[in-house]
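Spelled out from the first residue to the last, the chains are:
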Amino acid sequence: MRETRLWSWHLLVIPIIIVLLGLHFAIMHYAPVFYGVSVEEARNFETMIERGKSVSQLVLYILLLAAALYHGLYGLRGIIRELPMTPALGKIVDITVICVGLFIFAFGTYVTWWTFSYPVGG
Amino acid sequence: MNSKKSTAYNNRLGIKGWVYAGKYTFERYLYLAHRLTGMGLIAYMLLHILETANRMRGVVAWEGLMGLFALPLFKMIEYALFAAAVFHALNGVRLLMTELGFFLGRPKEPVYPYSSSIKRHRPLTYIIMALASLIIILGGSSLFFP
């Protein structure tokens, strides 16, 4: 039951990732096509800070971070757990994946929050 | 090898089991590509978060890093990342539809000439891969010739 729930979450976050990662690509990598500004301009420090001060960006990026980390690390855990290993080693893999995920999520959230709270005018 | 170990782990090929697709079908190779792109994307994502944190070191550090990413080599890496993400996403949508039972046809008795669910699913596979190829080509042209 627990594995079914974890697998269901793995599938449920897919639409979130597709939409938000699509937006991320459009803004950061395909700005000339979708927004009519150069990539350099879109990645400029001031532009990046200005964008990062939006509440919607703060929320959506944290959501993307959580969804992509969960999807990616759950997938990676599945690949590793398919390899021959003892149950004890499997448990260590699970705990390591959870710890890495939580650390990266906390760090990514901190960076996003840092951008959001960056003082106007530097 | 002790008997307990061989009983516990028999029929598990380890990494060879998923790397070598042998005589299996197109979908089996897509499975392999899905795994490889997935691992590449998660590895990149972890690096990307660390790289994004560079903004906290200030304007000069950030602009220096962005200058580096404007080099042709990094443009190629960026494009490979885009291609991997598009393939992984669209193949993932195909897998999701398969998981939910769509486009597999009705179950049939195994009477000759056989019609497997994989064969009935094949047109969708081709359509999705054609769509992925189109997006990847368009993405490349927009990235390199804006």
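Up top is the structure.
Described below are features of the structure shown in this document.

The rules behind these values
- Residues numbered from 1 in each chain as written.
- Chains lettered and ligands numbered in written order.
- Predicted model: local features only at pLDDT ≥ 70, side-chain atom pairs only at ≥ 80, totals over all residues.
- Heavy atoms only, no water.
- Helix = DSSP H or I, 4+ residues; strand = E, 2+ residues; numbered from the N terminus.
- Buried < 20%, exposed > 50% of the residue type's maximum accessible area, 1.4 Å probe, protein only.
- Contact = heavy atoms within 4.5 Å.
- Polar contact = N/O pair within 3.5 Å; in protein donor to acceptor, adjacent residues only side chain to side chain.
- Salt bridge = Lys/Arg side-chain N within 4 Å of Asp/Glu carboxyl O.
- Nonpolar A, V, L, I, M, F, W, Y, C, P; charged D, E, K, R; others polar.
- Expected span 1.5 Å × (residues − 1).
- Patch = residues over 30% accessible without salt bridge, like charges linked within 9 Å, V, L, I, M, F, W, Y side chains within 5 Å.
- Areas by Shrake-Rupley, 256 points an atom, 1.4 Å probe, with all protein chains shown as cover.
- Phe/Tyr/Trp six-rings, centres within 6.5 Å; stacked < 30°, edge-to-face > 60°.

A count of helical and extended segments in chain B gives six helices and zero strands. Moving toward the C terminus, one meets the helices and strands of chain B in the order α-α-α-α-α-α. Counting every position in chain B, which comprises 146 residues, the buried fraction comes to 36%. Contacts in chain B between residues at least 24 apart in sequence constitute 61% of all its contacts with a sequence separation of at least 6.

Take the environment of serine 117 of chain A next. All names here are of chain A. Along the chain, serine 117 falls in the segment after helix H7 (87-116). On the accessibility criterion, serine 117 (40% relative accessible area) is partly exposed. In this structure, the C-alpha to C-alpha distance between serine 117 and valine 37, residues 80 residues apart in sequence, is 25 Å. A distance of 2.8 Å separates a polar side-chain atom of serine 117 from the backbone oxygen of tryptophan 113.

This paragraph deals with the pattern of salt bridges. Opposite charge on two side chains permits them to pair, given that their charged atoms come into close proximity. All names here are of chain A. This structure, assessed with the given rule, holds seven salt bridges over all chains. One salt bridge connects arginine 77 with glutamate 3, and the closest N-O pair in it is separated by 3.0 Å. Residue arginine 77 is found in helix H6 (residues 55-82), and its partner glutamate 3 is found in helix H1 (residues 2-12); the two are separated by 74 residues along the sequence. For glutamate 3, a relative accessible area of 36% gives the class partly exposed. Bridged by salt links that share partners, the residues Arg2, Glu3, Arg77, Arg81 and Asp94 form one connected network.

Each partner contributes residues to the interface: chain A has 38 residues there, and chain B has 39 residues. For arginine 43 of chain A, the salt bridge is made with glutamate 78 of chain B, and the minimal N-O distance between the two is 2.8 Å. Among the secondary structure elements, those contributing two or more residues to the side of chain A that touches chain B are H1, helix H2 (14-28), helix H3 (31-34), helix H5 (45-52), H6 and H7 of chain A. Broken down by element, the residue count for the side of chain A that touches chain B peaks at 10 residues, all from H6 of chain A. Split by residue class, the side of chain A that touches chain B holds 26 nonpolar, eight polar and four charged.

With that settled, the discussion passes to the side chain of threonine 37 of chain B. Residues and elements named next belong to chain B. Note that threonine 37 resides in helix H3 (residues 26-52). Polar contacts involving the side chain of threonine 37 include one to the side chain of histidine 88, which spans 3.1 Å. When residues no more than four places from it in sequence are discounted, the contact partners of threonine 37 are Ala84, Phe87 and His88.

As a further point, take H2 of chain A. Three- or four-residue spacings in an α-helix give side chains the same orientation, since the helix completes a turn every 3.6 residues. Compared with an ideal rise of 1.5 Å per residue, which puts 15 residues at 21 Å, H2 of chain A spans 21 Å between its outermost C-alpha atoms and is within 8% of the ideal. Where H2 of chain A is concerned, the buried positions are Ile14, Ile17, Leu20, His24, Phe25, Ala26, Ile27 and Met28 of chain A.

Moving on, we come to a nonpolar patch on the surface. All names here are of chain A. There is a patch of nonpolar side chains on the surface, built from Val19, Leu23, Val33, Phe34, Tyr35, Leu60 and Leu63 and spanning about 650 Å² of accessible area. Residue position: valine 19 is located in helix H2. Taking relative accessible area as the criterion, valine 19 reaches 53% and is therefore assigned exposed.

Moving on, we come to the environment of asparagine 91 of chain B. Residues and elements named next belong to chain B. The topology assignment puts asparagine 91 in helix H5 (residues 72-99). Classification of asparagine 91 as buried rests on a relative accessible area of 0%. As for asparagine 91 and alanine 80, which are separated by 11 residues in sequence, their C-alpha atoms are 16 Å apart. In this view, asparagine 91 contacts Leu30, His34, Ile128 and Met129; residues no more than four positions away in its chain are not counted.

A separate point is H5 of chain B. Taking 1.5 Å per residue as the helical rise, H5 of chain B with its 28 residues ought to reach 40 Å, and the 40 Å between its terminal C-alpha atoms agrees with that figure. Downstream of H5 of chain B by one or two residues, glycine 101 of chain B has phi in the positive range, about 90°.

What follows is about the packing of aromatic side chains. Across all of its chains, the model carries 11 aromatic pairs over all chains by this definition. Their ring planes at 50° and their centres at 5.4 Å tell us that phenylalanine 69 of chain B and phenylalanine 74 of chain B sit as a pair that is tilted. The partly exposed category is assigned to phenylalanine 74 of chain B, whose relative accessible area is 24%. Members of the aromatic cluster, joined through ring pairs, are Phe25 and Tyr30 of chain A together with Tyr79 and Phe82 of chain B.

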